[in-house]
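For reference, the chains in residue letters:
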Amino acid sequence: MTDQAKTATLEFEGKSVDLPILSGSTGPDVIDIRKLYGGTGAFTFDPGFTSTASCESGLTYIDGDAGVLLHRGYPIDQLASKSNFVEVCHLLLHGELPTAAQYEKFENSITVHTMLHSQFDRFFEGFRRDAHPMAIMVGTVGALSAFYHDSLDIHDPVQRDISAIRLIAKMPTIAARAYKYHIGQPFASPRNDLSYAENFLRMCFAVPAEDYHVDPALVRAMDRIFILHADHEQNASTSTVRLAGSSGANPFACIAAGIACLWGPSHGGANEEALTMLKEIGTPDKIPEFIQGVKDRKFKLMGFGHRVYKNYDPRAKVMQQSAYEVLAATGRENDPLFQVAKELEKVALQDEYFTSRKLFPNVDFYSGITLSAMGFPTTMFTVLFALARTVGWIAQWQEMMADPSQKIGRPRQLYTGPTERDYLPIDQRG
Ligand code: ACO
């Protein structure tokens, strides 16, 4: 959206250029610098993209100072308490909450795509049993592009839709297989009579020797965790998916790139690190020593801080509530790690070191405790995040592919290496 009335004027080395100001539906205006290089010969410098809007998007809005997260306008706490993950997938992909008929059709399109090609299972056997499930995810999700050739034409909107549905439908099956392979149990096939979350829990925890019954409280918590992680604007992994997709790469390869980026401890890997941290602290009396270590910059308080939220992450509030519910449902109300987490949060929120830097709990602070109580090992935490974020990645990719102004992503740089010099033969080098 352009507001022709507003421009910013930039003067540089005697040249002046008028830069249009663009206004979105809400949030800060942006200065359109597309003509800056042509007008001045200078680039902008913004490592980490702290001041750069990389695209126009209508999916997700975050107000980091106010602690607000909206998907297509709907607040995350309303979606987490009133909606379900499949409905949120429809919302992200198609822009609106579905009618009853649309919901039935959409849910059915997902459930009929949950199975994997039988040849696909051979991939898992190629990995060592002690492989991290995220390593398996990066490899196998990329390999989907070798199986579904009929949905690889990225210029065909129908094929793009089929790929999106396939990814959302097959990701739980792949994630559960990565887990089962890791622990040496046989794979459980998807069951299309179950909800998205219940089917996933069953594929992870059912064994052939017993009937499997899952507590509805855990199904609800799983579904809510999926909703909380469904999309988050132009974060590192989403930007990776968009950048990979900008070259025309197929959607399965793009999502594999997103999974690789998500794996890092500053991003999706933080929930694994947060639980490890709580275990290392062990008991509330060790918190002061730990906090001192953070202040001495020996380590970070994992699950705290966020590039965008300079207030309480709205997802963290819902996640804390889910932690209470899951711990109650599993009889772990007095879980020592939960006691450590609650006390650590209280101490940090009163400490000037954290308040002055606007460091608040993020979604990962309580997710590790919750997932652990549900029976997942720490190595699966980021896998669950990847599963849930797949809809956000693919919806953002879809939006980019439908955008007529889409170009290959190609940032520039501030070059600080040697200037041009002549090659010297080896016997003349000092
Ligand atoms: N613990 C201690 N200090 C911190 C933390 C933390 N978790 N996060 C930031 N700081 C400090 C920095 O040291 C810095 O202090 P300084 O100004 O005195 O040098 C200041 O706060 C600003 O931090 P930046 O690194 O500039 O913040 P940035 O926006 O680049 O980092 C990030 C955001 C990467 C999330 C960071 O807060 C972090 O590493 N947190 C821990 C990991 C984590 O929980 N990640 C999950 C993010 S949410 C998600 O991916 C779903």
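Residues numbered from 1 in each chain as written. Predicted model: local features only at pLDDT ≥ 70, side-chain atom pairs only at ≥ 80, totals over all residues. Heavy atoms only, no water.

## Structural notes on the site of the ligand
Let me state the cut-off plainly: Note on definitions. A residue lies near a molecule or strand when any single heavy atom of the residue is within 4 Å of it. Pairs of N or O atoms are called polar contacts if they sit within 3.5 Å, as long as, within protein, a hydrogen donor faces a hydrogen acceptor (for residues adjacent in sequence, only side-chain-to-side-chain pairs). All accessibility values rest on the Shrake-Rupley procedure with a 1.4 Å probe; residue burial counts only the protein chains present in the view. Three classes are used: nonpolar for Ala, Val, Leu, Ile, Met, Phe, Trp, Tyr, Cys and Pro, charged for Asp, Glu, Lys and Arg, and polar for all others, with Gly counted as polar.
Looking at the ligand, there are 20 residues lining it, with Arg297, Leu301, Gly303, Phe304 and Arg307 nearest. Arginine 297 is positioned with one of its side-chain polar atoms (N or O) 2.5 Å from an oxygen atom of the ligand. Within the side chain of arginine 357, one N or O atom sits 3.0 Å away from an oxygen atom of the ligand. Expressed as a share of its isolated accessible area of 920 Å², the protein-covered part of the ligand is 75%. Partitioning the shell around the ligand into residue classes produces nine nonpolar, six polar and five charged.

## Focus: helix α13 (residues 287-295)
At 3.6 residues per turn, the α-helix brings residues three or four places apart onto the same side. Worth spelling out the cut-off: Only protein chains enter the accessibility calculation, which uses a 1.4 Å probe; a residue whose area is less than 20% of its type maximum is buried, one above 50% is exposed, and one in between is partly exposed. The helix and strand labels rest on DSSP assignments: H or I over at least four residues marks a helix, E over at least two residues marks a strand, and numbering proceeds from the N terminus. What the arc describes is the spread of directions from the helix axis to the C-beta atoms. Residue contacts follow a heavy-atom distance rule, with two residues in contact if any of their heavy atoms lie within 4.5 Å.
Those residues of α13 that sit buried are Ile287, Phe290, Ile291, Gly293 and Val294. Taken down its axis, α13 places every buried residue within 155° of arc, on the same side. Exposed residues lying more than 90 degrees from the buried face of α13 are Pro288 and Glu289. Those residues of α13 that are buried are in contact with α12 (270-281), α15 (336-349) and α16 (352-356). Arginine 297 lies just past α13 and shows a positive phi near 60°.

## Regarding the nonpolar core
Put simply, the rule is: Only buried residues count toward a nonpolar core, which is a set of Ala, Val, Leu, Ile, Met, Phe, Trp, Tyr and Cys residues joined through side-chain atoms within 4.5 Å.
In terms of nonpolar packing, the biggest core is built from 113 residues, with Met137, Phe200, Met222, Leu301, Leu344, Met374 and Phe376 touching the most fellow members. When near neighbours in sequence (up to four residues on either side) are disregarded, phenylalanine 376 contacts Phe200, Leu201, Cys204, Phe205, Met222, Leu371, Phe381 and Leu384.

## Considering the UniProt feature "transmembrane region" (unreviewed entry) in the chain
Heads up, the rule is: UniProt positions are given in the numbering used here, feature names are shortened, and annotations may be inferred rather than shown by experiment.
Taking the numbering used here, the UniProt-annotated feature "transmembrane region" (unreviewed entry) corresponds to residues 365-388. Across residues 365-388, the secondary structure splits into 75% helix and 0% strand, with the terminal C-alpha atoms separated by 17 Å.

## Some remarks on the packing of aromatic side chains
In plain terms, the rule: In this scheme Phe, Tyr and Trp rings, the latter by its six-membered ring, pair at centre separations within 6.5 Å, and the angle between planes marks the pair as stacked below 30 degrees, edge-to-face above 60, and tilted otherwise. As a reminder, the over-ring test applies to NZ of lysine and CZ of arginine, requiring each to be within 6 Å of the ring centre and within 35 degrees of the ring normal.
Inspection of every chain in the model, using the stated rule, returns 22 aromatic pairs. Aromatic pair tyrosine 148 and phenylalanine 252: ring centres 6.3 Å apart, planes at 45°, arrangement tilted. In this pair, tyrosine 148 is assigned in the loop between α6 (133-143) and α7 (157-183) and phenylalanine 252 in helix α11 (residues 251-262), connecting sequence segments 104 residues apart. You'll find tyrosine 148 and phenylalanine 252 in the same group, each marked buried. Ring pairs connect the aromatic residues Phe85, Tyr179, Tyr196, Phe200, Phe205, Phe226 and Phe376, which therefore count as one cluster. The cationic tip of arginine 357 hangs over the ring face of tyrosine 353; the distance from NZ or CZ to the ring centre is 3.9 Å.

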